[in-house]
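Commentary on secondary and tertiary structure
Here's the letter readout for the chains.
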Amino acid sequence: MTRILRCRAIALGVAVALSLTACGSGGEPADTTANTGGLEKTTIKVGALPIPDSVSLYIANAKGFFKEEGLTVEPVTITGGAVAVPMIESGELDISMTNYVSTFSAVSKGKKIKLVADMYQAAENNFNIMVPKDSTIKSVADLKGKTILVNTLNNIATLAVTTQLKVAGLTAEDVKFAEKPFPDMGNAIAGGQADAGWITEPFITATQSKLGFRKLADTMTGETENLPIAGWMATEEWTQKHPKTLAAYQRAIAKAQELAASDRKEIEARLPDYTKIDAQTASVITLGTYPSELNADRLQKVADLMLEYKYLDKPIDVKSIIVAPPSAG
């Protein structure tokens, strides 16, 4: 009898242990898909430049918007949209920031890329050609024969500068473009490696305050006024394999975009975290706008401008590149 009771006690203990193992903190059966909505992938790597354009990524992380969707998002610093294309193709990144010029250029070359969310639209003095305060260059026309730094060749930077060269009676062939990451441009120019740079915030303000640079031209005027600048991209294959993960990302980013668009303080709070600028600089930089929805008609302006300046050999229908989030309900 003693042996039988001992066996029953062991069996009961095993049963209790198995029951506890199968339960979560709330006493419910553990479920690996709980709070994930059945996402195909719950941890993703997302490429972003250390500039204000991508602030919604960091707002969404800080506010828990991704977490609410069952997502863990790991930001990865990149230098430009063009270099991010092979990174999403190889799987090194799941989603990445991109400028629309780089995206449409890649698509024209047969790359299977999709735009999945909007990010940033230009405003006045967001993207300026900057020169040292003692430079002999006084106008865009004086750039003839000079070297201009851009973050990536053959992208939004070179296109924007080229539109200003045209107004001054010059072409892209009249200058030399060279690559340099945004954080390094100011010191490179001050050190004589180049004559000017296409610089965005927060580096416009930083080079003015720390190096005494001055604005030569605002490149977001005329043909490029209010130009859509950047968005989020993924490969077509990735979007097809991860529709629920993508939808979760789109919802969280749209929520963060709306917050960025309505409350500058939210942007200022995040910028020092990933751009390495101080709070004072963050409070005075010039910002563009943060659309929360991809608009094909608005983005078509970029593709048409690229065609005009021979960045494209043939027209692109932007609607065919967009993967819109599922409609509510």
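Residues numbered from 1 in each chain as written. Predicted model: local features only at pLDDT ≥ 70, side-chain atom pairs only at ≥ 80, totals over all residues. Heavy atoms only, no water.

1. With respect to the sheet that holds strand S9 (residues 214–218)
Pairing is mixed in the open sheet, where five strands are placed in the order S7-S6-S8-S5-S9. Only two strands of the sheet have a single partner each, and these edge strands are strand S7 (176–179) and S9. The average undirected angle you get between the axes of adjacent strands in this sheet is 35°. Here four bridges tie strand S5 (residues 127–131) to S9, and the two strands are oriented antiparallel to one another. When the bridges of S9 are listed, Val131 appears paired with Arg214. Sheet strands in contact with helix H6 (residues 156–167) are S5, strand S6 (147–150), S7, strand S8 (196–200) and S9, and its direction is about 115° off that of S8. (Pairing = 2+ DSSP bridges. Helix = DSSP H or I, 4+ residues; strand = E, 2+ residues; numbered from the N terminus. Axes fitted to C-alpha atoms, helices over the stretch in contact; angles between N-to-C directions. Contact = heavy atoms within 4.5 Å.)

2. Comments concerning the pattern of salt bridges
Applying the stated criterion to the full structure yields 13 salt bridges. For Glu68, the salt bridge identified is with Lys255, shortest N-O distance 3.1 Å. Of this pair, Glu68 sits in helix H3 (residues 65–68) while Lys255 sits in helix H10 (residues 243–262), and the two are 187 residues apart along the sequence. In this structure Glu68 comes out as exposed when scored by relative accessible area, which is 54%. A residue is classified by how much of its surface remains accessible, and Lys255, at 38% relative accessible area, is partly exposed. Residues participating in the shared-partner salt-bridge network are Arg264, Lys265 and Glu268. (Salt bridge = Lys/Arg side-chain N within 4 Å of Asp/Glu carboxyl O. Buried < 20%, exposed > 50% of the residue type's maximum accessible area, 1.4 Å probe, protein only.)

3. Looking at the pairing of strand S1 (residues 43–48)
Two faces belong to every sheet, and in a regular strand the side chains alternate between them. As judged from the six bridges shared by S1 and strand S2 (residues 72–77), these two strands associate in the parallel manner. Directly across from Lys45, in S2, lies its bridge partner Glu74. In the sheet, S1 pairs with strand S3 (residues 95–99) via two bridges, with the strands oriented parallel. Along S3, the bridge assignment pairs Val46 with Ile95.

4. A closer look at the sheet that holds S3
Note on sheets: strands pair through backbone hydrogen bonds, and any given pair is parallel or antiparallel. What the five strands build is an open sheet, ordered S2-S1-S3-S10-S4; its pairing is mixed. Edge positions in the sheet fall to S2 and strand S4 (113–121), since each of these pairs with one other strand and no more. On average, adjacent strands in this sheet sit at an angle of 25° to one another, irrespective of strand direction. Judged from the seven bridges that link them, S4 and strand S10 (residues 228–235) form a sheet pairing that is antiparallel. Note that in S10 the partner of Tyr120 across the bridge is Ala230. Sheet contacts for H10: S1, S3, S4 and S10; angle to S4, the most-contacted strand, approximately 10°.

5. Digging into helix H2 (residues 55–62)
When you tally the buried positions in H2, you get six out of eight residues, the bulk of the element. By the burial criterion, the buried members of H2 are Val55, Ser56, Leu57, Tyr58, Ile59 and Ala60. Looking at the packing, one finds that the buried side of H2 touches S1, H3, S2, S10, H10 and helix H11 (264–274). Directly after H2, the chain includes Gly64, whose backbone phi takes a positive value near 80°.

6. Structural notes on the confidence of the model for the chain
Predicted confidence across the chain gives a mean pLDDT of 88, with 88% of residues reaching 70 or more. Note that pLDDT drops below 50 for residues 1–34; the model gives that stretch nine contacts with residues more than four away or on any other chain. (pLDDT = per-residue confidence, 0-100.)

7. Quick notes on the packing of H2 against H10
Direction vectors running N to C along H2 and H10 enclose 105°, while the axes themselves pass 8 Å from each other. Viewed along their axes, H2 and H10 adopt a mutual orientation that is roughly perpendicular. In this structure, H2 uses Val55, Ser56, Leu57, Ile59 and Ala60 to contact H10, whose residues at the interface are Tyr249, Ala252, Ile253, Ala256, Gln257, Leu259 and Ala260. Of the residues in the contact of H2 with H10, the class split is 10 nonpolar, two polar and no charged. (Parallel < 35°, antiparallel > 145°, perpendicular 65-115°, else oblique. Nonpolar A, V, L, I, M, F, W, Y, C, P; charged D, E, K, R; others polar.)

8. A word on the packing of helix H5 (residues 100–108) against helix H13 (residues 296–308)
At a minimum axis distance of 10 Å, the contact between H5 and H13 shows a crossing angle of 65°. Here the hand of the crossing between H5 and H13 comes out right-handed. Each of Tyr100, Val101, Phe104 and Ser105 in H5 lies in contact with H13, whose residues at this interface are Leu299, Val302, Ala303 and Met306. (Left-handed = near helix turned anticlockwise from the far one by under 90°.)

9. Some remarks on the environment of Gly81
Its place among the elements puts Gly81 in helix H4 (residues 81–90). Accessibility expressed as a relative area gives 3% for Gly81, which makes it buried. A C-alpha to C-alpha distance of 8.7 Å links Gly81 and Val101, two positions 20 residues apart in sequence. Excluding its chain neighbours within four sequence positions, the residues that come into contact with Gly81 are Met97, Thr98, Asn99, Ser102 and Met233.

10. Structural notes on the packing of aromatic side chains
Summed over the entire model, instances satisfying the criterion amount to nine aromatic pairs. Note on Tyr58 and Tyr274: the rings are 3.8 Å apart at their centroids and 10° apart in plane angle, and the pair reads as stacked. Taken together, the positions of Tyr58 in helix H2 and Tyr274 in helix H11 put the pair 216 residues apart, joining distant regions of the chain. For Tyr58, a relative accessible area of 14% corresponds to the buried category. Seen in terms of ring centroids, Tyr100 and Phe104 are 6.2 Å apart; in terms of plane orientation they differ by 20°. Their pairing is stacked. Note that Tyr100 and Phe104 are positioned in helix H5 at a spacing of four residues, about one turn of the helix. Assessed through its relative accessible area of 0%, Tyr100 is described here as buried. Note on Phe104: relative accessible area 0%, which makes it buried. Of the aromatic side chains, those joined through ring pairs into one cluster are Tyr120, Phe127, Phe182, Trp198, Phe203 and Tyr290. (Phe/Tyr/Trp six-rings, centres within 6.5 Å; stacked < 30°, edge-to-face > 60°.)

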